[in-house]
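Notes for the structure review
In case you want the letters, here they are:
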Amino acid sequence: MQWWRDAVVYQVYVRSFADSDGDGVGDLGGVRSRLGYLELLGVDALWLTPFYRSPMADHGYDVADPRDVDPVFGDLAAFDALVEDAHRHGLKIIVDLVPNHTSTEHEWFRAALDSAPGSPERARYHFRPGRGTDGDEPPNNWRSIFGGPAWERVADGEWYLHLFAPEQADLNWTNPEVWADLEKTLRFWSDRGVDGFRIDVAHGMAKPDGLPDDPQARTELLANTDGDLRFDQDGVHDVHRMVRAVLDHYPGRMAVGEIWVRDDERFARYVRPDELHQAFNFRLLQTPFDAAAVREAVEHSIAAVDAVGSRPTWTLSNHDVSRPVTRYGGGAVGLARARAMALVMLALPGSVYVYNGEELGMPDVEVPDEALQDPVWERSGHTERGRDSCRIPVPWEGGGPAYGFSSGEPWLPMPAGWDALTAAEQLEDTGSTLSMFRHALELRHTHPGFVADDDRRTRVEWYGAPDGCLAFRRSGTTLACALNTSDAPVPLPPGDVLVTSGPLTEDGQLPPDTAAWLA
Ligand code: TEU
């Protein structure tokens, strides 16, 4: 059963979702306590961000033990209870694996530090002597994604590679022990009943022989075809074939890769039939609120994966990027646009990834300097504020400073005046963003435009639309979606209105910054 092909997957940033023990940090018990809400919302699966043992230099993406739960998030028993309850609520569980690097607190890295240059312990990572007369220059010119050189020096003078924070040492994927360990981790969580895996930096891992200098000394994560040597090396596909071979032994399991590769043909390689089931498609979240650009992104995204017989995925936000409400201009206009884009995304064929709080219309929140936590802030020499603004805890109900997220002090400050944003308030309001999501998700499960079992569903057919607008129909169905990004109301395409992202005009037209579904 390929449940993921049309699934709506809800990303739980565990740290910010719900805190069950009052330490101000969300945890597995908190997720479990909110399963009723998630079922009511109507999502199909949860992606849990890393909850493994970690010193939290990158909030869990620095993993010290990938087969154990960090005490701040709970323990293995809490995890098992969560999986069992989630399944009882009809929700699948996807866990997040981080195979490109480990924490420098991982036992492997500690053993590497205690061992001599050239030892097998060091061969699990990329240790190299430095350049320059005293070896005090990094081994190559690669830059870290979070800022600064991608190399850190250890006491005996060797350097190790870290494409992210210095606390995240890149693993050496030419080492068979590294492969065996990922396989063990896949089996460990599969045997505990998880339904899928999100693979962090899935275009990383493989490095070019000899780690040559990058002619451009790039700093961005998005790999191009023009030779970024840090990412998208051909050898990475062997890793994904191994992942697929392991998961093929477990019926109904899937893997979705976080793949920042610009070139369509190279991107599609990751979802070939013997590799990952899905790849995140970041095109929509990089597209401005403009109908022509949105249409281009949609056509492009579908064509890219169609070429290898795979289905598209869609996302407008995650824990690494500015939230849609803020990205589209903030305030009432930003919210209206975020709601409209959510309806467009939820009408598209394929599966959708929704980030916690997106269904509430949460905006980014300015975090004061002294409260910033993201390593990007330090590593960039305080030139980049990092990703804390989109990681503010979820407001559940009014009546207290932590809005029901925690009985203690939230790990990031939550602003005053958020009562109307809370899930509890929005559940009561039929015009709320949450009610719009619930309605749309219910239609995804019940309307023939979504449930028709027909392979043509991978395609959309475009209607002619006024300037600044788009309208499409899911192929083989009557289900249509229209979006107005112009500054004047426009007539709707034919059909009965099923749901809108905001009120229509008095004469039944689609106003600016609004989308509608029809059938
Ligand atoms: O993300 C890859 C990544 O580094 C970017 O999304 C990055 O966060 C962005 O360009 C801002 O600097 C994954 C995780 O999603 C992210 O949270 C981790 O920090 C990163 O890997 C390292 O594991």
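Criteria and thresholds
Residues numbered from 1 in each chain as written. Predicted model: local features only at pLDDT ≥ 70, side-chain atom pairs only at ≥ 80, totals over all residues. Helix = DSSP H or I, 4+ residues; strand = E, 2+ residues; numbered from the N terminus. Buried ≥ 20, exposed ≤ 12 C-beta atoms within 10 Å, placed from the backbone. Domains from an automatic or database assignment. Expected span 1.5 Å × (residues − 1). Arc of directions from axis to C-beta. Contact = placed C-beta atoms within 7 Å. Pairing = 2+ DSSP bridges. Axes fitted to C-alpha atoms, helices over the stretch in contact; angles between N-to-C directions. Parallel < 35°, antiparallel > 145°, perpendicular 65-115°, else oblique. Nonpolar A, V, L, I, M, F, W, Y, C, P; charged D, E, K, R; others polar. Core = buried A, V, L, I, M, F, W, Y, C linked by C-beta atoms within 7 Å.

1. Re the environment of E366
Mapped onto the fold, E366 is located in the loop between β15 (351-355) and α12 (375-379). Judged by the 12 C-beta atoms lying within 10 Å of it, E366 is exposed. Residues E366 and L498, spaced 132 residues apart in sequence, show a C-alpha to C-alpha distance of 36 Å.

2. Considering the domain arrangement of the protein
Splitting the protein by domain gives domain 1 (3-101 + 176-436), domain 2 (102-170) and domain 3 (459-518). Centre-to-centre, using C-alpha coordinates, domain 2 lies 54 Å away from domain 3.

3. Examining unusual backbone geometry
Glycine aside, residues mostly have negative phi, and peptide bonds are mostly found in the trans state. Positioned with a positive phi, L211 is a non-glycine residue whose angle comes to about 45°. With respect to the element layout, L211 can be found in the loop between β11 (196-199) and α7 (236-247).

4. Brief notes about helix α4 (residues 76-88)
Here α4 spans 18 Å end to end across 13 residues, near enough to the 18 Å set by a 1.5 Å rise per residue. Here α4 has its buried residues at F79, L82, V83 and A86. Projection of α4 onto a plane perpendicular to its axis shows the buried side chains occupying an angular sector of 100°, all on one side. Exposed residues lying more than 90 degrees from the buried face of α4 are A77, E84 and R88. Against the buried residues of α4 lie α2 (28-33), α3 (35-41), β2 (45-48), β4 (65-69) and β5 (92-97). Taken from the residues just after α4, G90 is the one with a positive phi, measuring 80°.

5. Here we look at the sheet that holds strand β13 (residues 278-279)
Across the sheet, 8 strands lie side by side as β13-β12-β11-β5-β2-β1-β15-β14; this open sheet has parallel pairing. Here the strands that pair on one side only, and so sit at the sheet edges, are β13 and β14 (313-315).

6. Remarks on the packing of helix α11 (residues 331-347) against helix α14 (residues 433-446)
The N-to-C vectors of α11 and α14 enclose an angle of 10°; their axes lie 11 Å apart at closest approach. Considering their axes alone, α11 and α14 lie roughly parallel with respect to each other. Seen from α11, the contacting residues are R339, A342, L343 and L346; seen from α14, they are T433, M436, F437, A440 and R444. Its residues placed into classes, the contact of α11 with α14 shows 6 nonpolar, 1 polar and 2 charged.

7. Considering the sheet that holds strand β19 (residues 497-500)
The strand order across the open sheet built from 5 strands is β16-β17-β18-β20-β19, with neighbouring strands paired in antiparallel fashion. Across the chains shown, the open sheet's two edge strands, defined by having one partner strand only, are β16 (460-462) and β19. This sheet shows a mean twist of 25° between the axes of neighbouring strands, independent of strand direction. Judged from the 3 bridges that link them, β16 and strand β17 (residues 469-474) form a sheet pairing that is antiparallel. By the bridge assignment for β17, E461 is matched with R473. Each of β16, β17 and β18 (480-484) is contacted by helix α9 (residues 291-306), which is oriented at about 30° to β17, the strand it contacts most. Packed on one face of the sheet, α11 meets β18, β19 and β20 (514-518) and runs near 30° to β20.

8. Details of the nonpolar core
In this structure, L46, L343, V344, C481, A482 and L483 are the most contacted members of the largest nonpolar core, which totals 152 residues. For this core, the element with the most residues is α11, which contributes 11 residues. In contact with C481, other than residues within four places in its own chain, are L343, V344, A347, A471, F472, A515 and W517.

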